[in-house]
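An overview of the molecular structure
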Amino acid sequence: MPTLSATRVQVQPQLDPETYLLLSQRNFLDAKALMELTAAWERWMPAAHTWRIGGRKGYVLVFLAPHVEEEIEPLWEKAPAQAFAREAMAQALVLGFLTALRPGVRRKGCAPVPTPTPALVQALAPLGIELHESGALSRKYATLTYASGALGCESCHVEAGCPKRLGLQINP
């Protein structure tokens, strides 16, 4: 079985309020919400990990450290609106890093999930990430897609269950 290398990639994405508004299902940000958004972005930036798996034609992986999940999860019981807003922020952060690595993802509105292969599963394991047969990752705030090439359905492992395929509107 071929082995895939994992190389850390440094990127500095910009905060994208439009993505946050979409994910948080808000129409606007007041001053307080913008301050909270900016504070969370700055606090969680160091928790973001970006990796290239298998070289230029391999894959890109973006995930947030577990402490982000641990910060958000307890909020669901005591402050669900705050939890929802923070979850949207975590998702926006992952998308910010992903689109810094693959700008076409934002334009296309899609980051195809690669088919889990033994080599890919093995390459992710030392990073503390499990890739399940379904294509799901073991971290809540994470994404894995191709480093180059098509950003369409033809290369996606979860094509049949894709929100786009099911008729759900996910574009801004």
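Let me sum up the structure you'll find in this document. (Residues numbered from 1 in each chain as written. Predicted model: local features only at pLDDT ≥ 70, side-chain atom pairs only at ≥ 80, totals over all residues. Heavy atoms only, no water.)

1. Structural notes on the overall build of the protein
The cut-off we apply is this: Starting at the N terminus, helices and strands are each numbered in turn, a helix being any DSSP run of H or I of at least four residues and a strand any DSSP run of E of at least two. Contact between two residues is taken to exist if any of their heavy atoms lie within 4.5 Å; hydrogens are not considered. Areas reported here follow the Shrake-Rupley algorithm with a probe of radius 1.4 Å; residue values treat only the protein chains shown as occluding.
Check the secondary structure of the protein and you find seven helices and four strands. The secondary structure elements of the protein, listed N-terminal to C-terminal, are β-α-α-β-β-α-α-α-α-α-β. For the protein, contacts bridging at least 24 residues in sequence account for 70% of all contacts bridging at least 6. Accessible area of the protein: about 9500 Å², with a carbon and sulfur share of 55%.

2. Comments concerning the pairing of strand β2 (residues 48-53)
Our working definition: Partly exposed describes any residue whose relative accessible area lies between the buried limit of under 20% and the exposed limit of over 50%, with all areas from a 1.4 Å probe on protein chains only and scaled to the type maximum. Strand pairing is defined by DSSP finding a minimum of two bridges between the two strands.
Counted residue by residue, β2 has five buried out of six residues, so it is predominantly covered. Where β2 meets strand β3 (residues 59-64), six bridges bridge the pair, whose relative direction is antiparallel. Paired with H49 across the two strands is F63, which belongs to β3. The hairpin formed by β2 and β3 contains five residues between the paired strands, and G54 there has a positive phi angle of roughly 80°.

3. Overview of the sheet that holds β2
Filter applied, for reference: All axes here are fitted lines through C-alpha atoms, helices being fitted over the stretch that makes contact, and every angle between N-to-C directions spans 0 to 180 degrees.
Here we have four strands laid out as an open sheet, ordered β1-β2-β3-β4, and antiparallel in their pairing. The open sheet is flanked by β1 (6-8) and β4 (142-146), the only strands paired with a single partner. Sheet twist, expressed as the average angle between the axes of neighbouring strands with direction ignored, equals 20°. Examined bridge by bridge, β3 and β4 share five bridges and lie antiparallel to one another. Looking at the pairing, L61 lines up with L144 of β4. Sheet strands touched by helix α5 (residues 80-101): β2, β3 and β4. Its angle to β3, the strand with the most contacts, is close to 155°.

4. Quick word on the side chain of S24
Within the element layout of this structure, S24 appears in helix α1 (residues 17-24). Setting aside chain neighbours within four positions, we find S24 in contact with F84 and A88.

5. Description of the pattern of salt bridges
Here is the rule: Salt bridge, as used here: a side-chain nitrogen of Lys or Arg that lies within 4 Å of a carboxyl oxygen of Asp or Glu.
Taken as a whole, this structure holds four salt bridges when the rule is applied. Here E71 ties to R86 by a salt bridge, and the two come within 3.5 Å at their closest N and O atoms. Linking E71 in helix α3 (residues 66-72) with R86 in helix α5, this pair joins segments that are 15 residues apart in sequence. For E71, a relative accessible area of 25% puts it in the partly exposed group. The shortest N-O distance in the salt bridge between E87 and K140 comes to 2.9 Å. With E87 in helix α5 and K140 in the loop between α7 (118-124) and β4, this residue pair connects regions lying 53 residues apart in the sequence. The network of salt bridges with shared partners includes R43, E71 and R86.

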